[in-house]
Amino acid sequence: MRTSRWLVVTYAIIIFAGILVALPNLFTQQQLAALPNWLPHKQVTLGLDLQGGSHLVLEVDADAVRKDRLRALLDQARDALRKDRVQSQSVRLVGDSVVAVVPDETQRAKALDILKGLSQPVGGLAFGAGRADIDVVATDNQIKLTPTEAGLNARLDSAIQQSLEIVRQRVDQVGVAEPTIQRVGSDRMLVQLPGLQDPTRLRELLGSTAKMTFHMVANVQQGDRLPPGVSMLPDAKSGQTYAIEDRVALDGERLTDARAGFDQRTQEPIVSFRFDSLGARQFAEITSANVGRPFAIVLDGKVLSAPVIREPITGGSGQISGNFKVEDTVVLSALLRAGALPAPLTVIEERTVGPDLGGDVIKMGIYTGIAGFVAVVLFMVALYGAWGMIANFALLLHLILTFSALTLIGGTLTLPGIAGIILGIGFGVDANILINERIREETRRGLGAFAALDNGFKRAYSTIVDANVTSLIATSLLFMFGSGPVRGFALTMMIGTVLSMFTAVAVVRVLMTEVVRRRKMKTIRVEPLVHFFPEKTSFHFMNARFLGIALSALLSLASIGLFFKPGLNYGIDFKGGIQVEIATSQPTDLATLRSTLSGLNLGEIALQNIGDSEHVLIRVQRQDGGEQAQTAAVTAVKDAVQKLDPSVKFERTEVVGPKVSGELAQSGVLAVVFAAAAMLVYIWWRFEWNFAIGAIATLILDTTKTIGFFALLGLDFNLTAIAALLTIIGYSVNDKVVVYDRMRENLRLYKKMPLRELIDMSINQVFARCIYTSVAILLSMLPMAIWGGSAVENFAIPMVFGVVVATTSSIFIAAPILLLLGDWWKRRHVQGNEPTGVTPVKA
């Protein structure tokens with residue numbers, strides 16, 4: 001039990017550095033500026049659900065990239081054949097290919113060589129370096145050009161990279177502070193904008209391709225058949241249609257500047273623009289040759305204006321007018337300055353939190369966190385007296401180091417992340433409870449202070465490791481499959497689990513050893529201030545094994561019935577749709593609001609008061625018509641609400657499209673299945689097959705009951721609920737590991753004891769620990785469950801239920817299943833050689 005001086009110094013340096021790194025989180029930005037420069041100034045980044053702001057996920061239209069590539073390839077093929085005077089019968093699009101029909105064999109051979117020259121090698125290992133971007137195949141009198149998958153993927157990658165830069169420029173035009181813009185996957189990007197309350201304008205700014213072109217208006221009379229090369233395009237404002245020549249007279253790429261302003265004569269809002277030198281020359285030629293003809297300015301397939309050319313314009317500049325509002329001209333000029341996107345972007349997910357709600361959430365998190373922490377501290381003192389204060393010091397250290405770790409790695413603290421820290425407080429004391437209970441046992445066996453301390457830590461260590469590994473399995477899978485704030489929860493839980501091995505084991509061991517040495521204690525007494533349990537229990541748990549299994553099975557069957565009817569209340573994450581939380585200036589008339597929103601013809605609309613009559617949650621079903629229909633619906637809902645109450649505040653807005661909701665649902669299911677499977681494998685490896693089967697059977701029963709609890713209370717079943725479910729699974733297995741570990745230990749010590757007696761004895765030995773740990777976790781979570789509000793109720797309330805279920809199932813379900821398996825194994829395979837009735841257990 002001697003502690004190396006260098007080890008103590010190392011621990012001290014780690015703790016001191018952690019405190020220094022976490023310290024800036026206690027100060028405001030103004031106070032930080034006054035601190036010395038040698039002190040750290042970096043703070044934990046708050047998630048948008050805490051500081052307010054908008055979270056948008058945009059997807060590049062891969063089909064548009066494919067179509068653009070085919071159109072460009074068609075033009076290239078025509079130009080190449082025309083340039084070399086190859087006579088072709090036709091060059092046209094057929095499906096996903098460009099087909100050139102060349103009847104003459106000599107001309108066809110020449111055309112084949114020319115068209116093969118259009119093919120370029122694809123760069124980059126990810127897309128198949130060295131492969132051609134076009135397959136050119138000649139059959140009969142046709143030559144077919146087909147873009148390869150490698151070529152299309154390379155173009156999609158180029159489109160997303162180019163889109164990222166253009167989106168950054170567009171966001172800069174709006175002036176949002178510290179935006180986060182990053183690529184997600186192969187065809188998506190994430191845009192997070194702190195402080196932005198209404199992303200409607202920004203959504204327009206980001207979702208618009210902003211591809212501007214200039215076309216001549218065709219001389220077609222109303223009712224006439226359109227000639228080839230002419231299309232009807234709608235006016236962007238009035239809906240009037242124009243016959244527009246398909247040929248682009250001048251491309252918007254030649255624009256160098258665009259500014260919002262006012263017409264000096266009429267004072268109406270306009271956008272003035274300027275071309276580069278080449279564009280100015282082309283613009284002068286077009287306007288000189290077409291005086292008296294209308295000239296259409298087209299943006300993303302809609303006509304902004306179609307003025308008649310009165311005279312040649314040689315200055316290289318012009319203006320766009322057309323019944324614009326001032327905000328319209330600001331957005332349009334920003335779009336034109338940033339440039340056109342290479343492909344359309346669709347907003348497939350939007351989540352917005354107002355700053356007032358974010359501030360309330362932070363206060364709630366702090367208050368419930370402090371309440372939970374104080375409750376656990378008092379409980380530990382009641383359990384272990386002065387020794388409990390050492391555990392509490394470790395808890396405080398655990399909390400500080402969690403914030404320092406989040407600060408160092410640049411992690412984001414979200415509302416579920418706060419829940420993870422609070423829950424980590426409860427999980428953090430588990431190791432200390434295990435250690436203190438073990439030391440008590442060793443002292444009762446007559447060991448001296450150092451021996452009891454040494455044995456207590458040694459015997460508890462493997463159990464602590466097993467319990468933490470099962471917790472890490474659940475949280476790491478949640479981090480892999482989760483998204484947004486839920487990943488924040490998984491991150492804080494993973495950090496907390498790893499840190500508990502340092503604070504609750506390493507640091508506590510040093511401190512307890514130092515206390516014993518300085519006080520020259522002969523024996524170590526870990527006495528409670530309040531006696532919750534007798535020192536030794538001798539309950540016959542296995543007498544109630546059939547009742548326990550039958551009752552658990554009955555509750556699980558009832559839960560399955562609740563799953564089908566009334567069913568789970570699936571949240572927006574899994575079924576898609578729109579969710580808007582509003583704060584009105586006076587008590588809301590739900591009937592009037594429902595009538596107004598029903599008139600929008602958006603399908604099923606549900607209204608629910610949150611907390612008081614001024615706060616209302618509006619839910620709108622997922623809209624047909626894809627992601628763009630969702631965006632249009634949320635705009636219509638906000639406009640309708642503002643007409644009823646002009647001073648209304650939109651506290652939170654969530655829009656999840658069908659594609660994202662399907663992916664989130666699939667990820668949630670996979671996370672739960674993989675977590676259960678990984679834990680089964682781990683327990684099988686660490687213990688034996690019968691232990692693993694007992695654990696997985698109990699896990700299924702615990703999970704079904706928790707799902708039934710969600711259905712019974714009608715709680716939202718969303719990503720946060722999946723986080724709660726995975727945490728309950730992790731704790732359930734954690735609790736069973738403690739019981740199983742004691743059984744495994746006793747199997748080695750009492751090889752001739754009947755299995756039923758051995759299981760009863762093992763449960764009695766860890767009974768106090770199971771109850772104490774459960775109470776500690778309940779104390780940490782109860783304040784959040786009671787005062788946390790709607791934002792965390794579908795996490796905190798199920799956690800309280802899940803902890804109770806997991807604790808009882810470890811005693812009354814997992815152990816009896818193990819006994820039944822042991823008896824079955826004995827009847828089938830043991831002929832008196834295995835007195836314990838179970839298979840040999842791994843050391």
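Refer to the structure presented above.
Rules and cut-offs
- Residues numbered from 1 in each chain as written.
- Predicted model: local features only at pLDDT ≥ 70, side-chain atom pairs only at ≥ 80, totals over all residues.
- Heavy atoms only, no water.
- Helix = DSSP H or I, 4+ residues; strand = E, 2+ residues; numbered from the N terminus.
- Buried < 20%, exposed > 50% of the residue type's maximum accessible area, 1.4 Å probe, protein only.
- Contact = heavy atoms within 4.5 Å.
- Areas by Shrake-Rupley, 256 points an atom, 1.4 Å probe, with all protein chains shown as cover.
- Lys, Arg positive; Asp, Glu negative; His and termini not counted.
- Charge placed at Lys NZ, Arg CZ, Asp CG, Glu CD.
- Pairing = 2+ DSSP bridges.
- Axes fitted to C-alpha atoms, helices over the stretch in contact; angles between N-to-C directions.
- Core = buried A, V, L, I, M, F, W, Y, C linked by side-chain atoms within 4.5 Å.
- Patch = residues over 30% accessible without salt bridge, like charges linked within 9 Å, V, L, I, M, F, W, Y side chains within 5 Å.
- Salt bridge = Lys/Arg side-chain N within 4 Å of Asp/Glu carboxyl O.
- Expected span 1.5 Å × (residues − 1).
- Polar contact = N/O pair within 3.5 Å; in protein donor to acceptor, adjacent residues only side chain to side chain.
- Parallel < 35°, antiparallel > 145°, perpendicular 65-115°, else oblique.
- Left-handed = near helix turned anticlockwise from the far one by under 90°.
- Arc of directions from axis to C-beta.
- 1 Å grid on protein atoms, 1.4 Å probe; cavity = no way out; pocket = protein on both sides within 12 Å on 5 of 7 lines; lining within 4 Å.
- Points joined across faces, edges and corners; volume = space filled by probe spheres on them.
- Nonpolar A, V, L, I, M, F, W, Y, C, P; charged D, E, K, R; others polar.
- Phe/Tyr/Trp six-rings, centres within 6.5 Å; stacked < 30°, edge-to-face > 60°.

(A) Fine view of the overall build of the protein. When helices and strands are counted, the protein shows 23 helices and 25 strands. Along the first, second and third principal axes, the C-alpha atoms of the protein reach 110 × 65 × 60 Å. The buried share of the protein, taken over its 843 residues, is 52%. Counting only contacts in the protein whose residues sit at least 6 apart along the sequence, the fraction spanning at least 24 positions is 74%. Summed over all atoms, the accessible surface of the protein reaches about 38,900 Å², with 57% contributed by carbon and sulfur. Distance between charge centres in the protein, computed from 80 positive and 75 negative side chains, equals 9 Å.

(B) Up close: the sheet that holds strand S8 (residues 188-194). Ordered in space as S7-S8-S2-S18-S24-S21-S23-S22, the eight strands form an open sheet in which the pairing is antiparallel. The open sheet has two free edges, formed respectively by strand S7 (180-184) and strand S22 (605-610), since each of these has just one partner strand. Strand-to-strand twist across the sheet, computed as the mean angle between neighbouring axes with direction ignored, equals 20 degrees. Sheet topology places strand S18 (residues 345-353) next to strand S24 (residues 649-656); five bridges connect them, and they run antiparallel. Counterpart to Glu349 in the pairing with S24 is Val656. Against the sheet, helix H17 (residues 590-598) touches strand S21 (577-583), S22 and strand S23 (612-620), its axis set at about 150 degrees to S22.

(C) Looking closely at the nonpolar core. Core analysis: the biggest nonpolar cluster contains 140 residues, and Leu423, Met512, Ile524, Met743, Ile763, Met781 and Phe795 have the highest contact counts within it. Sorting elements by how many residues they give to this core places helix H21 (residues 719-749) first, with 17 residues. What Phe795 contacts, discounting residues up to four positions off in sequence, is Ala419, Leu423, Phe489, Thr720, Ala723, Ala724, Thr727 and Met781. Formed by 25 residues, the second largest nonpolar core is a distinct cluster that contains Leu250, Ala258, Ala280 and Leu335.

(D) Quick peek at a nonpolar patch on the surface. Taken together, the side chains of Ile366, Tyr367, Ile370, Val374 and Leu378 present a nonpolar region at the surface, about 520 Å² in accessible area. If you trace the backbone, Val374 turns up in helix H10 (residues 355-384).

(E) How the structure looks around helix H4 (residues 62-83). Look at H4: 31 Å from first C-alpha to last across 22 residues, which is about the 32 Å you get at 1.5 Å a residue. Listing the buried residues of H4 in full gives Ala64, Val65, Arg69, Leu70, Leu73, Leu74, Ala77, Ala80 and Leu81. With a side-chain oxygen positioned 3.1 Å from the backbone nitrogen of Asp63, the residue opening H4 is Asp61. Of the residues trailing H4, Arg85 is marked for its positive phi of about 55 degrees.

(F) Representation of the packing of helix H15 (residues 545-567) against helix H20 (residues 689-713). Look at H15 against H20: their axes get within 8 Å of each other, and the N-to-C directions meet at 40 degrees. Here H15 lies oblique to H20, going by the angle between them. The way H15 lies across H20 gives a crossing that is left-handed. Touching Ser552, Ala553, Leu555, Ser556, Ser559, Leu562, Phe563, Pro566 and Gly567 of H15 are Leu701, Thr704, Lys705, Ile707, Gly708, Ala711 and Leu712, all from H20.

(G) View of the environment of Val673. Relative to the helices and strands, Val673 is located in helix H19 (residues 658-686). A sequence separation of 465 residues divides Val673 from Ser208, and the C-alpha atoms of the two residues are 40 Å apart.

(H) Quick peek at the environment of Asn746. Note on placement: Asn746 falls in helix H21. Looking at Asn746, the relative accessible area reads 2%, which means it is buried. With near-sequence residues (within four places) excluded, Asn746 lies in contact with Leu758, Met761, Ser762 and Gln765.

(I) Highlighting helix H1 (residues 5-22). For H1, with 18 residues, the first-to-last C-alpha span of 26 Å sits near the 26 Å given by 1.5 Å per residue. Among the residues of H1, Tyr11, Ile15, Gly18, Val21 and Ala22 are the ones counted as buried. Projected down its long axis, H1 shows its buried positions confined to an angular sector of 130 degrees, all on one face. Those residues of H1 that are exposed and angled more than 90 degrees off the buried face are Arg5, Trp6, Ile13 and Phe16. In this structure, the buried side of H1 is in contact with helix H11 (386-409) and helix H14 (485-518).

(J) Empty space enclosed by the protein, seen in detail. One pass over the full model with this rule turns up five cavities of 30 Å³ or more. The wall of the largest cavity is formed by 15 residues, among which Phe427, Gly428, Asn468, Thr497 and Ser500 lie closest to the centre. Secondary-structure elements contributing two or more residues to the lining of the largest cavity are helix H12 (415-444), helix H13 (449-481) and H14. Broken down by element, the residue count for the lining of the largest cavity peaks at five residues, all from H12. The residue inventory of the lining of the largest cavity, partitioned by class, reads five nonpolar, nine polar and one charged. Quantified by volume, the second largest cavity comes out at close to 110 Å³. Lining the second largest cavity are 13 residues, and of these Leu434, Arg438, Val738, Arg742 and Val766 sit closest to its centre. For the lining of the second largest cavity, the secondary structure elements donating two or more residues are H12, H13, H21 and helix H22 (755-787). In terms of residue count, H12 provides more of the lining of the second largest cavity than any other element does, four residues in total.

(K) Structural context of the sheet that holds strand S16 (residues 302-305). Reading across from one edge, S12-S9-S15-S16 is the order of the four strands in this open sheet, with antiparallel pairing throughout. Two strands close off the open sheet at either side, each with one partner strand: strand S12 (250-251) and S16. Bridge analysis of strand S9 (residues 212-216) against S12 gives two bridges, and the strand direction is antiparallel. By the bridge assignment for S12, Phe214 is matched with Leu250.

(L) Representation of the pattern of salt bridges. On inspection of all chains with the given rule, the structure shows 31 salt bridges. In this structure, Arg769 engages Asp430 in a salt bridge whose closest nitrogen and oxygen atoms are separated by 2.5 Å. Within this pair, whereas Arg769 is found in helix H22, its partner Asp430 is found in helix H12, the two being separated by 339 residues in sequence. Pair check on accessibility: Arg769 and Asp430 agree, each one buried. Close ionic contact of Glu514 with Arg518 constitutes a salt bridge, the shortest N to O distance being 2.9 Å.

(M) The arrangement of the packing of aromatic side chains in detail. Enumeration according to the criterion identifies 25 aromatic pairs in this entry. Geometrically, the ring pair formed by Phe379 and Phe532 is tilted, given 5.8 Å between the ring centres and 50 degrees between the ring planes. Within this pair, whereas Phe379 is found in helix H10, its partner Phe532 is found in the loop between H14 and H15, the two being separated by 153 residues in sequence. Residue classification places Phe379 among the buried residues on the basis of a relative accessible area of 9%.

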